[in-house]
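Examining the three-dimensional arrangement
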Amino acid sequence: MTSTTTRLADVATVDTLIGPFTAIVDADGAVLASGWTAEPGELTRVVHPSLRPGDLRQRASLGAVTRAILDYHAGDLTAIDAIPVRQHSGEFLLHAWDVLRKVPAGEPVTYTEFAGLSGRPAATRAAANACARNAAALFVPCHRVLRIGGALGGFRWGLPVKRWLLDHEG
């Protein structure tokens, strides 16, 4: 008899000033995916297949993750910094996501600057791809990357959310 293991993750949705925010965390509390939605399915599909949970367990709170979400939205812009995140991809994307976590709140960078910080100054498209493929919005703050001249560029959760986040951090 063959047994299969289904990866289980916890999920919770909280209300924020800019709408519902859902996070999915692994058994050890690392964020697998998060964003401004009340639909966990919108998040599970952006988790790398090697990390994607087969089952989600609904929770009222995810402990430190939920506290960080609420504290951030209430004004503690560093509350998200210590929360672990788990994503999977190639070497450049993993490095770029780590770099994003070091971009300070209130100090957005351009895609060109982000490419340089990531060690590939000519790879602006790769830097933009790192933002587009980021499953852990807020905790990996891709909203802090702008087009040259300050235009917002794209954002999975909508430009009004990105504008609110940048204003909140400014």
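As the structure is a computational prediction, the values presented were derived from the model and not from experiment.

The rules behind each value
- Residues numbered from 1 in each chain as written.
- Predicted model: local features only at pLDDT ≥ 70, side-chain atom pairs only at ≥ 80, totals over all residues.
- Heavy atoms only, no water.
- Buried < 20%, exposed > 50% of the residue type's maximum accessible area, 1.4 Å probe, protein only.
- Helix = DSSP H or I, 4+ residues; strand = E, 2+ residues; numbered from the N terminus.
- Arc of directions from axis to C-beta.
- Contact = heavy atoms within 4.5 Å.
- Polar contact = N/O pair within 3.5 Å; in protein donor to acceptor, adjacent residues only side chain to side chain.
- Salt bridge = Lys/Arg side-chain N within 4 Å of Asp/Glu carboxyl O.

Quick look at helix H2 (residues 64-74) now. For H2, the complete set of buried residues consists of Val65, Thr66, Ala68, Ile69, Tyr72 and His73. Looking straight down H2, one finds its buried side chains confined to an arc of 160°; they lie on one side. Exposed residues pointing more than 90 degrees away from the buried face of H2 are listed as Arg67 and Ala74. Summarising the contacts, the buried residues of H2 are in contact with strand S1 (8-16), strand S2 (19-25), strand S3 (31-35) and helix H6 (159-169).

Within the element layout of this structure, serine 34 appears in strand S3. By relative accessible area, which is 0% here, serine 34 ends up buried. Looking at serine 34, its side chain comes within polar contact range of the main-chain oxygen of alanine 137, at 2.7 Å. Among residues more than four places away in sequence, those in contact with serine 34 are Phe21, Thr22, Ala23, Leu43, Ala135, Ala136, Ala137, Phe139 and Trp157.

What the rule picks out here adds up to 7 salt bridges. Across the pair arginine 86 and aspartate 28 runs a salt bridge, and its minimum N-O distance is 2.6 Å. Note that arginine 86 is positioned in the loop between H2 and helix H3 (91-100) and aspartate 28 in the loop between S2 and S3, a separation of 58 residues in sequence. A relative accessible area of 27% means that arginine 86 is categorised as partly exposed. The closest approach of N and O atoms between arginine 144 and glutamate 169, which form a salt bridge, is 2.9 Å.

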